[in-house]
Amino acid sequence: MMRESASIISRFVDYYLNQGAERILLYYDGVCPEFPEKSSSIVLVVNIDESFKSRNLAGDPKDLISTQEMIFGIEHKQNTSDWLLVVDADEFVHVKGESIRGAHERIEQKIV
């Protein structure tokens with residue numbers, strides 16, 4: 001769950017698109033600002049506003065950690081991907097010498 005400026009969100013999305021992400025799901029605390037990649041079919045923005053909370057969060061989370069745990073639980077149940085990477089807007093995962101997608105494909109071949 002993030003609450004960042006449009007420029008930070010855009011940098012985050014660009015980075016993970018370039019790393020080969022098939023889907024980027026942003027949970028935004030409030031109403032997300034516009035950013036260039038927001039219209040992409042790969043990028044989905046979920047606004048965590050009062051309407052979302054009343055429809056999706058059991059009880060009334062009293063703090064940020066409780067809200068995040070409930071949101072992570074929702075996504076884990078809905079996720080259909082083989083891999084799920086949960087990172088903050090200021091976290092950029094690096095794999096030496098290849099993209100995250102390339103590392104995933106290489107590791108997956110060794111597992112099978």
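Residues numbered from 1 in each chain as written. Predicted model: local features only at pLDDT ≥ 70, side-chain atom pairs only at ≥ 80, totals over all residues. Heavy atoms only, no water.

Looking at the overall build of the protein chain
From N to C terminus, the protein chain includes 4 helices and 2 strands. Shown N-terminal to C-terminal, the secondary structure of the protein chain runs as helices and strands in the order α-β-β-α-α-α. Dimensions of the protein chain, computed from C-alpha atoms along their principal axes, come out at roughly 45 × 30 × 25 Å. When the 112 residues of the protein chain are sorted by exposure, 27% land in the buried category. (Helix = DSSP H or I, 4+ residues; strand = E, 2+ residues; numbered from the N terminus. Buried < 20%, exposed > 50% of the residue type's maximum accessible area, 1.4 Å probe, protein only.)

Topic: the pattern of salt bridges
Within this structure, the stated rule accounts for 6 salt bridges. Note that Glu22 is salt-bridged to Arg101, the shortest N-O span being 2.9 Å. In this pair, Glu22 sits in the loop between α1 (6-18) and β1 (24-29) while Arg101 sits in helix α4 (residues 100-111), placing the two residues 79 residues apart along the sequence. With relative accessibility at 58%, the residue Glu22 sits in the exposed group. A residue is classified by how much of its surface remains accessible, and Arg101, at 33% relative accessible area, is partly exposed. In this structure, Glu105 engages Arg101 in a salt bridge whose closest nitrogen and oxygen atoms are separated by 3.4 Å. With Glu105 and Arg101 both in helix α4 and 4 residues apart, the pair spans about one turn of that helix. Through salt bridges with shared partners, a single ionic network connects Glu22, Arg101 and Glu105. (Salt bridge = Lys/Arg side-chain N within 4 Å of Asp/Glu carboxyl O.)

A closer look at the nonpolar core
If you look at the biggest cluster of nonpolar residues, it comprises 14 residues, and the most contacted ones within it are Ile9, Val13, Leu26 and Phe35. Among the secondary structure elements, those contributing two or more residues to this core are α1, β1 and β2 (43-48). With 5 residues, α1 is the largest single contributor of residues to this core. Contact partners of Ile9, with chain neighbours within four places excluded, come to Met2, Glu4, Leu26, Tyr28, Cys32, Pro33 and Phe35. (Core = buried A, V, L, I, M, F, W, Y, C linked by side-chain atoms within 4.5 Å. Contact = heavy atoms within 4.5 Å.)

Quick word on the side chain of Glu75
Relative to the assigned elements, Glu75 resides in helix α3 (residues 64-78). On the basis of relative accessible area, Glu75 is assigned to the buried category, the value being 8%. Non-local contacts of Glu75, meaning those with residues more than four positions away in its chain, are made with Arg23, Leu25, Tyr27 and Leu84.

Some words on the side chain of Gln19
Tracing the backbone shows Gln19 in the loop between α1 and β1. Gln19 gets classed as buried once you look at its relative accessible area, which sits at 15%. Ignoring any residue separated from it by four or fewer positions in sequence, one finds Gln19 in contact with Glu98, Ser99, Ile100 and Arg101.

Details of the confidence of the model for the protein chain
Confidence in the prediction for the protein chain averages 85 pLDDT; 97% of positions are at 70 or higher. Element-level mean pLDDT values for the protein chain span from 80 in α4 up to 91 in α1. (pLDDT = per-residue confidence, 0-100.)

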